[in-house]
Amino acid sequence: MTFHAKFSGYADPALHAAGLYIGGKWQSGSGITVLDPSTGNLLAEVADAAIEDAQRAVDAADAAAAGWRATPARQRSEILRRWYQLMTQHAEELATLIALENGKALADARGEVAYAAEFFRWYAEEATRIPGEFRHTPSGSHNILVDHEPIGIAVLITPWNFPAAMATRKIGPALAAGCTVILKPASETPLTAYATARLGEEAGVPPGVVNVLTTSNPGGITNAMLADPRVRKLSFTGSTGVGRVLLAEAAKSVVSCSMELGGNAPFIVFDDAHLEAALDGAMIAKMRNAGEACTAANRFYVQAGIHDAFVAGLTARMKSLKIGPGYDPETQCGPMITQNAVRKIDRLVSEALAAGARATTGGKPLTENGYFYPPTVLENVPVNASIAREEIFGPVAPVYKFESDDEAIRLANNTEYGLAAYIYSRDLKRAMKVGKRIETGMLGINRGLMSDPAAPFGGVKQSGLGREGGVTGILEFMEPKYFAVDY
Ligand code: NAP
């Protein structure tokens, strides 16, 4: 049995190597290799778009724009709803595909597909509830009418760590708003994006409304699209470094930007926390996707009275996780996305150890095939170590001891990022008071997982601009138009 034959239907990598998806047509090509991170073996090869392909994609999105904008909201809603149903129907195959190309454990991949599909269901509902506004001028002499219009063609750029959900979190609101889009998925995980587009086609998305391009020249392609005056929106999810480059590029054509960037989430455990609940939450906040999440707990600040018990409990749980390929149903911690990711984690851990930290479990990359790093807990980590400043993006939990609430707040805010934070305490008033002072876009109180299509997802400081999801997500793809009418 060949490797591909083992994974049939939508889970077959070969099916999704059909090529670029432009104007409702699949254009074959090659040039970008997709690897299985658990072995380093080739999974598939996908097309490598050139600048002319990006121009054709903008042409296709433009040709479809007027028709899609004029499509009644109810009809747009029904297409999104069918897309949700098809993703749900093919959930197991999509989860396998994600586990294959991204490496995450199947349980995480199943969770991602459910989460991703929910964006289509949520925005199917929101499509029919786009708000307007009516006010009286303060003088009382006139009225103010505000309509919301689709912003125009949107370029969507997504990372590899949630290959389905980061795409649907953008496509759902964009289509609900009446925009046409060009999706550029990450080069490591293009198969899920193509599989999702194929389901959209089946759901009845008209040609040109959604276009998908993979490329080895993301900068050149994106700059060419942003320079085209028909493109009016850039929605990016990825690292803060690339986000800054794209903001500068978008400024040249004054393109509206939504930026979902990096994180460095603090996870604060107070003495009065329920220990088992805090450990359960810590495992979710740290180990979902083996730590490769922007919301992943990156810095564990644990109050002195509960510190030792927390470290012992976390060490036992991390040690017990089964490491393996994501598509093996027994696996709880899959490989990292690339060898470079393993090298970065190794550097951060080695520097922390050299500065006086101690690994209570893990602490060194695994040597077998594939890009594996073991679940690791570090204690006695100096608060100024590089591991406290940089995103780890891996299964490493550095623990820092603190004494007072003020100290926890100061440490938590000592970062350029502000995406997510977590607090565990039985005293809700205390947690809320501390939470008000944490610089973050999202805060989990006694919860290790906060992502929800109905909630506004996004960060402050260097973690980004704008919000995705929730009732506000759709407005990122709309422009308010004010009508001053004399009547
Ligand atoms: P990345 O290196 O910034 O890449 C993200 C996307 O940008 C990929 O599609 C990449 O394409 C593309 N890209 C790279 N350089 C570009 C350029 N010059 N112009 C246009 N596009 C360019 O990030 P990543 O390593 O894939 O993802 C991890 C990062 O994403 C982390 O920092 C994480 O925190 C963040 N993230 C944030 C959120 C959030 O909601 N805030 C969610 C998930 C992840 P190629 O793959 O072809 O290079």
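What counts, and where the lines are drawn
- Residues numbered from 1 in each chain as written.
- Predicted model: local features only at pLDDT ≥ 70, side-chain atom pairs only at ≥ 80, totals over all residues.
- Heavy atoms only, no water.
- Helix = DSSP H or I, 4+ residues; strand = E, 2+ residues; numbered from the N terminus.
- Rg over C-alpha atoms; globule rule 2.2 N^0.38 Å.
- Buried < 20%, exposed > 50% of the residue type's maximum accessible area, 1.4 Å probe, protein only.
- Contact = heavy atoms within 4.5 Å.
- UniProt positions renumbered as here; feature names shortened; annotations may be inferred.
- Near = heavy atom within 4 Å.
- Polar contact = N/O pair within 3.5 Å; in protein donor to acceptor, adjacent residues only side chain to side chain.
- Areas by Shrake-Rupley, 256 points an atom, 1.4 Å probe, with all protein chains shown as cover.

Peer 1: Which residues make up the overall build of the chain, and what values do they have?
Peer 2: Each helix and strand in the chain was counted, giving 15 helices and 20 strands. Computed over the C-alpha atoms, the radius of gyration of the chain is 23 Å, within 12% of the 23 Å expected from 2.2 N^0.38 for a compact globule of 487 residues. C-alpha extents for the chain along the principal axes are approximately 70 × 65 × 40 Å. Out of the 487 residues belonging to the chain, those deemed buried represent 58%. Partitioning the contacts of the chain with sequence separation of at least 6, the portion at a separation of at least 24 is 73%.

Peer 1: Hey, could you go over the UniProt feature "active site" (unreviewed entry) in the chain for me, with residue numbers and the actual values?
Peer 2: In the UniProt entry, the feature "active site" (unreviewed entry) is given for Glu 260. Here Glu 260 is to be found in strand 11 (residues 256-260). Glu 260 has contacts with Arg 169, Phe 236, Thr 237, Gly 238, Leu 419, Phe 457, Gly 458, Gly 459, Ser 463, Gly 466, Arg 467 and Glu 468, leaving out every residue within four places of it along the chain.

Peer 1: Go over the site of the ligand with me, naming the residues and quoting the values.
Peer 2: As a matter of local geometry, the ligand sits amid 31 residues, with Thr 158, Arg 169, Ser 187, Ser 239 and Glu 391 nearest to it. Residue Gly 238 places a main-chain N or O atom 3.3 Å away from an oxygen atom belonging to the ligand. Interatomic distance of 2.5 Å between a side-chain N/O atom of Glu 391 and an oxygen atom of the ligand. Out of a free accessible area of 920 Å², the ligand has 86% covered by protein chains. Broken down by element, the residue count for the shell around the ligand peaks at three residues, all from helix 8 (residues 218-227).

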